[in-house]
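The lines below spell out each chain.
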Amino acid sequence: MPDLIMRSNLDTACRHYKLPHQVVLNDTELSNTLDTENPQIVLIDLDADPEMTILMIKKCVEAQVPRILAFCSHVLTDLIEQGRQAGAHQVLSNSTVTSSIPGLVSELAFDPKSS
């Protein structure tokens, strides 16, 4: 997640709602997390490395992660569609995520699908 401001805001909101979370930046970190934990929610920045992040979504689907939220620049419409086809539950623009972090995290924290 290269956008440090967005990462900081997501971390703060997750802590506020006591939502367990871990930011993973590559496939190796994701594999380690999936092997050692049972993540209920995974957030994936598609801008980081589009090819790798699509594979990360597929790996989360295979691991039956209940909620997968992906995000990227709004102009990358092909990447947004690839994220949806790969199995992300939501694919949002960076601006949507940034403008609605508290509500988005609150929804994730209290969504029965993520319990």
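This one's a predicted model, so the numbers in the text were calculated from it and none came from an experiment.

Focus: the nonpolar core
Buried together is how nonpolar side chains tend to be arranged in soluble globular proteins.
Logical step 1: Within the largest apolar cluster, 20 residues are counted, with the highest numbers of intra-cluster contacts made by Ile-44, Leu-46, Ile-57, Cys-60 and Ile-68.
Logical step 2: Broken down by secondary-structure element, the contributors of at least two residues to this core are helix 2 (27-36), strand 1 (41-45), helix 3 (50-62), strand 2 (67-72) and helix 4 (77-86).
Logical step 3: With residues up to four places along the chain from it excluded, the contact list for Ile-57 reads Ile-44, Leu-46, Ile-68, Ala-70, Gly-83, Ala-86, Gly-87 and Ala-88.
Logical step 4: Counting residues in each nonpolar core, the second largest holds 15 residues, with Met-6, Phe-71, Leu-104 and Leu-108 among its members.

Some thoughts on helix 1 (residues 4-16)
Logical step 1: With 13 residues, helix 1 should cover 18 Å at 1.5 Å per step; its first-to-last C-alpha distance of 18 Å lies within 8% of that length.
Logical step 2: Packing partners of the buried residues in helix 1 comprise strand 1, strand 2, helix 5 (94-99) and helix 6 (101-110).
Logical step 3: Following helix 1 by one or two positions, Lys-18 adopts a phi angle in the positive range, close to 55 degrees.

A look at the pairing of strand 1
Logical step 1: Taking burial as the measure, the five residues of strand 1 include five buried ones, the bulk of the element.
Logical step 2: Relative to strand 2, strand 1 runs parallel, the two being bridged by five bridges. Across the sheet, Asp-45 pairs through a bridge with Phe-71, a residue of strand 2.

The rules behind these values
Residues numbered from 1 in each chain as written. Predicted model: local features only at pLDDT ≥ 70, side-chain atom pairs only at ≥ 80, totals over all residues. Heavy atoms only, no water. Core = buried A, V, L, I, M, F, W, Y, C linked by side-chain atoms within 4.5 Å. Buried < 20%, exposed > 50% of the residue type's maximum accessible area, 1.4 Å probe, protein only. Helix = DSSP H or I, 4+ residues; strand = E, 2+ residues; numbered from the N terminus. Contact = heavy atoms within 4.5 Å. Expected span 1.5 Å × (residues − 1). Pairing = 2+ DSSP bridges.

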